[in-house]
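Secondary and tertiary structure notes
One letter stands for each residue in the lines below.
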Amino acid sequence: MDELCSVLRVPPEYLRTCADTTLLLCTRDWVREFSQDHVPTVFPIIEEYSASEIQAVLAERRVPSFLSSWILLEMQILKIKDENVFPFGEGLEPSDYLSYPESLNFVNQCNTRNLTNQARKQYNQASKSTKTPESKPWYQEFVRLLRTLYPASPVIDLTDTFNELLALEFDDDSRLQSYLPLRFSVLTESIIILSFDVSEHNLGSVTRFSPGFLSDNQAKLLFIVYQLVNIVKTYQDLGVYIGELQLKDFTITQTLHVAHKPKFLENLIKTPCKPETKDLNVCIETDSICDKVLGWVQGRVSNLEYILYLNQLSGRRFGDPNFHPVVPWVTDFTSRNGKLRDLTKSKFRLNKGDELLDRTYESGDHHVTAVLSEITYYTYLARRTDNKVLCKYVRPSWVPEEYPRSIQRLQEWSPDEAIPEFYQDPMVFSSIHSDLPDLELPDWISSPDDFIIWHRSILESEEVSRHLHSWIDLTFGYKLSGSAAIRNKNVCLDFSENQRDLRVRGVLQLFTQPHPIRQKQKPVIPNPIPTVDLSDFDDPDPGTEEGGAGVWDPPSKILIPPEFHPAADVSVLESLNTFLFRAFTYKFKDKDLTDEKVGRNMTYLRKVKPMQILGCLISELFHPRKFRALGDQPSFETRYRNSADLIIREEKTVPLCIRGLLKKLLLIRDLTPFDLEPSDRFPVVSDQGLPLPSAELLLDPILSGYFPTLFAPFLQTISAIETLNNAAEYIEDSDALESLSEFQVKLVARRISPLIQEARNEHIELVLPLYCSLIYSSRTAVQACWHLLDKISVSLGPERTQETFLASIVSHYKNIYTTKHVKLYHRSFILVLMARLRLPVFLDSFSYILIEATGGNREFSETPVPTPSDQPQSHLNLEPEPSLTYGEVFSFDSWDSLGSMKIGLGTDTISSVAQNLKQPGADSIDVHASVVFRFNDEDASSQGRRENSVVQISKETLLWLPQRLGPVLTAKHITRNLLRMMSLCYLPPEGLEPTDQYFPDQQIRISPSMLAGDSLSLSVLECLRKIAELYGDHFILVQYLPWCWDLAGLCRRKITPNLEGGLLGALAVLHSVIPLLSDSILMKELDNITSQILCPVIHAATSSQNSFTSGPQVRSALLLKSLDVLYLLGLRIGEEMSRTHLNELAIGVFSAFSKVFEDVSCEKSANFESPRTQKIQLSTELAEVLTKKLAYCIYISFYFLLGETFLDETVPNICLIKKLCLEYQSGLTAPMVRPYTYREIQRTLPHQSNEASFSGSGNMIIVKSADEETENTSEISKLIHAPAGNTSRHLRGNWLAYWEHEQSRGENDGFNLKQIRLQNWTGHQGSVKSISVLDNENSFISGGKDRTVRLWSLRSSGEGEHSGTAQWVYSGHKKSVFSVGYLAQKGYAVSCDGSIHIWDPYVGCLTHEYDGSRGNPFCVMTPQTYAHSIVAASTEGNLALIDTRVKNVVDLKVSYGLVGLIRSVCASEDGNHAAIGHSSGYISLLDLRSGKIRSGMKAHDGEVLTLTSGDSYFVSTSLDQTAHVYQWEDSKLWTHLRTPPEPLHCVATYQDQIITGSTNHKVSVHSIFRDRESNTVVSKLRSDIIRGNLIQMEILPLNRLLLLGTDVGNIHLIC
């Protein structure tokens, strides 16, 4: 340690040695300096951390997240050896698979060479051709091996001895990616320092603490074995001895990448190569687990020593806060001979009580959380631990009184076991803190040393020893799992979980059998020993009292003490032998090893022993329980004997995939193990005619075939990705890091994605962690989602994709802000989400994300556009208040401030208008202000956002989405949330910030400019308008307007910020949609708009009784927006109608000024002698809102709309208003801007002339002449009236009735048949045999008797009488098509006419055809929509399972006897089970995963007509006019359906409802309840609904519609 500190200039507190590992805490910049060929002169330190805190970080082996630039390195120190070793190979040669002829040639050459060498040895000719290799210095070969394995790692030579060797260039082979990264090396005169990355997980810890990580898929284990063989092959290619490798020497990542840290001290073979002579006449290991168990049972090993040994076997290490050794508490410290602890119960159970543990088990499936937690460890050692560390891990604040003051209190408080220091170290009781006293000891103890002696004596007492085995069973033994754990309330949290995540520590079960009891040290002999006097039996005359005849005196009884058990020792011995036999394997005795020739031992070490070690590693991987009790340091001999015993004695337990491999590696022949001598050799030629086993031979796919060919590209890609990840940790350049991330993703897309399309499920699991790591990582998330998500989701299916990726993708939308994350909002990726996650999940999880992005909160800009005030971007707090009851409010993070937009009015235009206006006098109001003309295209397109911004892309996606969803889903998931988003856009205070931007329709507004909320809501309003244009006015009437007046109706005295934002959003929506309404609808709704929306809002904004949280700013915004709407209504309905319908609101607005201003001389005349007013102190807020400027703007606007005469006659305080206008006008320095008047807009229409006109006041308004007019007349008129151009999809007639009906229903209301016909399709020339709806519900396919399959489009069109035609017709069939389906994962259609056709409906080409099973045509076919399989049956009763990925057909047996022909087949939604209906009424159930028959039953008396699958059930109907429901899980009958007395040919399922139909046009809706009762509603279809006989039926679950197919070729859509 000292030498390491001096060489690297590292403070000792930044190093920590635990067991055989030395950890260093350093920064990445410090490591980078080694690449400059020198040791850094300065070591960085953490100023705010003390030495004890740094040591705590090292003990935890995890760097805190806020120390992002700091890392942990594992330091390895090797002493330079002064010895010679054999040289290894020159380097790695290019490796590639051999072709078939090359493989045969390789076998021929190897066999010839090996047989020749064997013959030479047999006839003593080996010495002529065998030469002993020359030896070289150890340090020279070490440096060469270091440079060969790590050619890119910097080596610092402080001796200047290896300059020539270090100057040589070594190839960086891809096979070297399987070695643990070496960051740097330092060579000194005496030591060599190696610095490796710290890997948290290794194969040893995985097999011990995370068995579920590998055991759930055998292909994972085989893939790891494949990597181990590759590592061994690299060593063999170099001619290097691999060393006695163990599983802990191999690290593993979440992506299943295995890396190895070389054992440099064992890799080089020293000379002379002589094995050490071992005395193997005794047990191989003198300190084995068997010896320890026997020693403790027989009293030769103390209790504490044995407990610490078990802790060592379970992986617990001193100094590790999370995995420190544990010992039992044995007394309560109440007295010197106090009450001993009950060792048959865990400390957790004694502390918490059985009742609490029972409740915990019922809720969480576990009783005990941990044996010793981190908090308890630091609490135990609080007296010896720095208070900063205690504040970090125990309590955030330092309060000494909170720590137990005595050992007795500590024992009572803690639910965990004790630590060995309480039995060994007296220093733990002494405090290093001035304010925390020493730990109090019992009164009878004089010193800590006396306590240790007394406490240890209690632990070693006879009473504790007699029950200690029970505590061992609870902590390390069989009571940790199974029924024993439940009975003893000892189910640990680690065991209750599946242990499928990687862990480095946890509860480890060493024994699966009851631990033997410790024998008494001295045998207990009964005293006195009972004796029997047998002389009485020799009495000659039993009959007399004193030896007389005829009397017999019986002998005395045999008295045995109750504590005497003659069979006790035998029972103890039997239990001990049973434990040793079942817990451990046999131990063999070996012959003495003798010296062998150097060449013979080299051959053994380089060729034979590596294969034996590889066999041991494979055995330990597949059967970890057999080796768990051996600990982490067993000898090679013990490992080999256990492995050989496993394959010899328990061959059937070894999986088939490795059974032959283990036999080849571990045995010679005929189940004969090796002697483990240097003379051990494999057979020269195997039974299969292959050469000696080697790693190269095992990897060859032709000669061995142990590993699938997919493993090679999988490993290459995973290794490359892991290598790049290691390199990325030390890259600071963001551009380089982004390029690296993109390369990683595209590498996987190019190498792996094409392979997984045809891969098996277990092989997909191998690369799934790789895909997860790329999609989860924020660095590669966007690129991975774009390039990889679609391919992997096709293989996984929707359910698994949701489980694996849904939460991560949603978090990326919320947390990732990069220059490329706009891709996530593009419709191409949105389409992938809709297809792979299924439409309902997409709508629930992503629709609101798109809407929030449209509102501006997801915008990202590398150079943010500054706001007009040049303030930083503001953030909205969008948590909804409980008082806001009008709807859900979404929460999002932030929105980007929009850039200011300077709108030019055109100086020429203003001057031209100004010159033609009459100059007003000082006593007249100038009503001839300038008009705001529309913006040019450049200004309109620069609304503070780029064309490729998130807002723009998400808006385009939202405009595209409603066309695919249809009106029902659009109303439920899009427009409803868009309206809620409007409230968030205006949420105070950010939404009320003023800007200098003009509205797009500023020409018809009174408001001077936009607010920040207006800028945010532009895209949202555009989406709402486009949707209303797509589906018609009823979206406005049924959704938009009711939402507006619901909010307006909430105006009360106290108006919350959420309601303020909602009101502003409602007025913005109202102003946006009024131009879309037709004249008749507008006049019909005009009173509702004015009375239910405008009147309450204007009253609240101008009333002193209402309280606004945001003060006058929101009052002013509400009033201006209300006036905008009011003025727009006036422009729309005209001057005369405005005087009738809008006069009251106008009067109310003008009257509000009297609340603030008092008229001194109120007389109605045009001339005002003293225009003076006086403020009335009623409300400060109203004074800031009702200003002179506002009065002037309102008066000018309504002057042209209502006329001066009308205002003078109807407005009570018109004198005050005119005075306010004159006062404001007198202070003007620049001309004011006014909106267009009604007459000006009318003159722009085609039938109007462009001459000048007069306003109501008689003053002339002079505008430009016709040749100077720059305005587009159509654009100006669209500002007030913009009817939709395409009305083909407008809701009318039956479609409108259906849509309104669905709006009033909830998601769980179920299917309700209203018999409303929506659409018809014609095209089939015969009956419709089958219908299948695509998962997006905007298309469906049908097959008919006319031998065609037709693709139809589902779109709302017409009023219910529209008849559609097929989009495309597939005519590749030769017979009647009786079954069609859709493979959603591949996007293929499936149809069957006796042969199964798989074809692409988008391009119309056939991809594959299956003619039948065993020459017999198929009669039934059902595809698994979200899987890759098709279940079909032939006319001969054979069931075929077709895997469309590998074009494989598997025939399955469906019954054990003759049950008739197959009439119907259905598969469960998860694809695991299938039900087969027969002509005899018999139903068979199969497990499609194994192909085995689950069960069978006689379900009906007649032929089974249909089988239909639901979520957890399937429905069968029969010719006997019955229908039954069965559960998939247990195959039991769930309920009977009450059906009409006729056969049911049509069945569909929706949630917990079953819809059935008959040829008699009766449709029944059955609702199934948990109590097995069902409610049935039967409806007779009207004659105007359907033409022909009903023979097919399919449900659209999202839209709750029915497709009905008839025998005349028509298809009807009804609701």
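Before any of the text, the structure's been laid out above.
How each quantity is defined
Residues numbered from 1 in each chain as written. Predicted model: local features only at pLDDT ≥ 70, side-chain atom pairs only at ≥ 80, totals over all residues. Heavy atoms only, no water. Helix = DSSP H or I, 4+ residues; strand = E, 2+ residues; numbered from the N terminus. Buried < 20%, exposed > 50% of the residue type's maximum accessible area, 1.4 Å probe, protein only. Contact = heavy atoms within 4.5 Å. Axes fitted to C-alpha atoms, helices over the stretch in contact; angles between N-to-C directions. Parallel < 35°, antiparallel > 145°, perpendicular 65-115°, else oblique. Left-handed = near helix turned anticlockwise from the far one by under 90°. Nonpolar A, V, L, I, M, F, W, Y, C, P; charged D, E, K, R; others polar. Pairing = 2+ DSSP bridges. Expected span 1.5 Å × (residues − 1). Bend = angle between axes of the 7 residues up to and from the residue. Patch = residues over 30% accessible without salt bridge, like charges linked within 9 Å, V, L, I, M, F, W, Y side chains within 5 Å. Areas by Shrake-Rupley, 256 points an atom, 1.4 Å probe, with all protein chains shown as cover. Salt bridge = Lys/Arg side-chain N within 4 Å of Asp/Glu carboxyl O.

A short note on the overall build of the chain
Within the chain, the regular secondary structure consists of 55 helices and 47 strands. Counting all 1615 residues of the chain, 56% fall into the buried class. The contacts of the chain with a sequence gap of at least 6 include a subset with a gap of at least 24, amounting to 69%.

Section: the packing of helix H40 (residues 950-965) against helix H41 (residues 967-985)
Where H40 contacts H41, the two axes come as close as 8 Å, and the packing angle between them is 150°. Taken together, the axis directions place H40 and H41 in an arrangement best described as roughly antiparallel. For the pair H40 and H41, the sense of crossing is right-handed. The residues of H41 that touch H40, namely those facing Leu 958, Leu 961, Pro 962 and Leu 965, are Pro 967, Leu 969, Thr 970, Ile 974 and Leu 978. Grouping the constituent residues of the contact of H40 with H41 by class yields eight nonpolar, one polar and no charged.

Quick word on the sheet that holds strand S35 (residues 1482-1487)
A sheet is described by the order of its strands in space; here four strands give the open sequence S33-S34-S35-S36, paired in antiparallel fashion. Strands with a single pairing partner mark the edges of an open sheet, and in this sheet they are strand S33 (1462-1467) and strand S36 (1492-1498). Geometrically, the sheet is characterised by an average inter-axis angle of 20° between neighbouring strands, direction not taken into account. Two elements, S35 and S36, share six bridges in a ladder whose sense is antiparallel. Looking at S36, one finds that Leu 1486 is bridged to Ile 1493.

Topic: H41
In this model H41 runs 25 Å from its N-terminal to its C-terminal C-alpha over 19 residues, within 8% of the 27 Å that 1.5 Å per residue would give. In the structure, H41 departs most strongly from a straight axis at Ile 974, where the bend amounts to approximately 25°. Counting buried residues in H41 gives 18 out of 19 residues, a clear majority hidden from the surface.

What to know about the sheet that holds strand S29 (residues 1418-1423)
Across the sheet, which stays open at both edges, the four strands sit in the order S29-S30-S31-S32 with antiparallel pairing between neighbours. The sheet is open, and its two borders are formed by S29 and strand S32 (1448-1452), each paired with just one other strand. Averaged over neighbouring strand pairs, the angle between their axes works out to 25° when direction is ignored. Here five bridges tie strand S30 (residues 1429-1434) to strand S31 (residues 1439-1443), and the two strands are oriented antiparallel to one another. By the bridge assignment for S31, Val 1431 is matched with Leu 1441.

Topic: the pairing of strand S40 (residues 1533-1536)
As defined by bridge partners, strand S39 (residues 1523-1527) adjoins S40 across three bridges and the pair is classed as antiparallel. In the strand pairing of S40, Tyr 1526 is matched with Leu 1533. The hairpin turn running from S39 into S40, its antiparallel successor, is five residues long, and Ser 1531 in that turn takes a positive phi close to 65°.

Concerning the pairing of S33
Most of S33 is tucked away: five of the six residues are buried. Strand direction decides the pairing type here: S33 and strand S34 (residues 1473-1478), joined by five bridges, are antiparallel. Residue pairing across strands places Val 1465 opposite Ile 1476, the latter belonging to S34. Connecting S33 to the next strand, S34, in antiparallel fashion are five residues, including Gly 1471 with a positive phi near 75°.

A short note on a nonpolar patch on the surface
A cluster of nonpolar side chains, Tyr 100, Leu 104 and Ile 702, forms an exposed patch at the surface whose accessible area comes to about 300 Å². With respect to the secondary-structure elements, Tyr 100 resides in helix H4 (residues 100-122).

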